[in-house]
Amino acid sequence: MNFWLVKSEPDAYGWHHFTEQGRAVWDGVRNYQARNNLKAMRLGDQVLFYHSVTNPAVVGLARVVEEAYQDPTVPDDQRWVVVELEPVMAFDLPVALSQIKSEPLLANLSLIRQSRLSVMPVRPDEFELILKMGQKPMMKPE
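Overview of the structure. Here the residue index of a chain counts from 1 through its sequence in written order. Owing to the predicted nature of the model, reporting of local features is limited to residues with pLDDT of at least 70; listing and counting of side-chain atom pairs is limited to 80 or more, with chain, interface and lining totals taken over all residues. Hydrogen atoms and water are omitted, and side-chain values are computed over all heavy atoms in the structure.

Ala-34, Arg-35, Asn-37 and Leu-38 are the residues of helix α3 (residues 32-40) that are buried. Each buried residue of α3 sits inside an arc of 155° when the element is viewed along its axis, so together they form one side. Whether two residues are in contact is decided by their heavy atoms, any of which lying within 4.5 Å being enough. Under the DSSP-based scheme used, a helix requires at least four consecutive residues in state H or I and a strand at least two consecutive residues in state E, with every element numbered from the N terminus. Next to the buried residues of α3 lie β1 (3-8), β2 (24-26), β4 (57-70), β5 (81-96) and β6 (119-122). Between the side-chain oxygen of the N-cap and the backbone nitrogen of Gln-33 there are 2.9 Å, and the N-cap of α3 in question is Asn-31. Any residue under 20% of the maximum accessible area for its type is buried, any over 50% is exposed, and the rest in between are partly exposed; the area is computed with a 1.4 Å probe on protein chains only. By construction, the arc corresponds to the directions joining the helix axis to the C-beta atoms. Counted as a polar contact is a pair of N or O atoms within 3.5 Å, where, for protein atoms, one must be capable of donating a hydrogen and the other of accepting one, and residues adjacent in sequence contribute only when both atoms are in side chains.

Note: strand β3 (residues 46-51) against β4, six bridges, orientation antiparallel. Its bridge partner lying in β4, Tyr-50 is registered against Val-58. At least two DSSP bridges between two strands are needed for those strands to be called paired. Taking the residues between adjacent antiparallel strands as the criterion, β3 and β4 are bridged by five residues, where Val-53 takes a positive phi near 65°. One ladder, built from 10 bridges, connects β4 with β5; its direction is antiparallel. Within the sheet, the bridge partner assigned to Val-64 lies in β5 and is Leu-85.

We define a salt bridge as a contact between a side-chain nitrogen of Lys or Arg and a carboxyl oxygen of Asp or Glu at a distance within 4 Å. Applying the stated criterion across every chain, the model contains eight salt bridges. Connected through shared salt-bridge partners, Arg-23, Glu-66 and Glu-84 make up one network.

Spatially, the six strands line up as an open sheet ordered β2-β5-β4-β3-β1-β6, and their pairing is mixed. Of all strands in the sheet, those with a lone pairing partner are β2 and β6, marking the two edges. Adjacent strand axes in the sheet meet at a mean angle of 40° when their direction is disregarded. Axis angles are defined between N-to-C directions and span 0 to 180 degrees, where every axis is a line fitted to C-alpha atoms and, for a helix, only to the segment in contact. Relative to β5, helix α6 (residues 124-133) is tilted by about 50°, and along the sheet it contacts β1, β3, β4, β5 and β6.

Our focus in this paragraph is the side chain of Glu-126. Turning to its location among the elements, Glu-126 is positioned in helix α6. Discounting chain neighbours no more than four positions away, the residues touching Glu-126 are Leu-105, Leu-106, Asn-108 and Leu-109.

Scope: geometric values only; no functional claims are made or implied.
Now the structure itself:
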């Protein structure tokens, strides 16, 4: 299994839009590196959903439910592809970009190193750490 992060502006298409829809065609990607990342996604891969621009943070978890196919918004241009994603769960706590930047174990995350890239791979250890950061701490019994 591979791990990914996709970015979206919350006002244009935020987590709430995604969960209301229940499934999304991830279209409109017009960067070759991001397109290649879409092509590399496999059924069942886990995807971190990141709100960019306004209060940047990882806010949820999705999974790939349909692998890459021709982007229907540009049927005459074979260069561009889409994948389909479905929401898995909202994070208990958004993982803010400032938190990510302050975590030494995430220093090589593409989100920091290639901030304009909209679809990027995430290493398993980075994924697990971000997932953990997004969960409420468990209360210890007294």
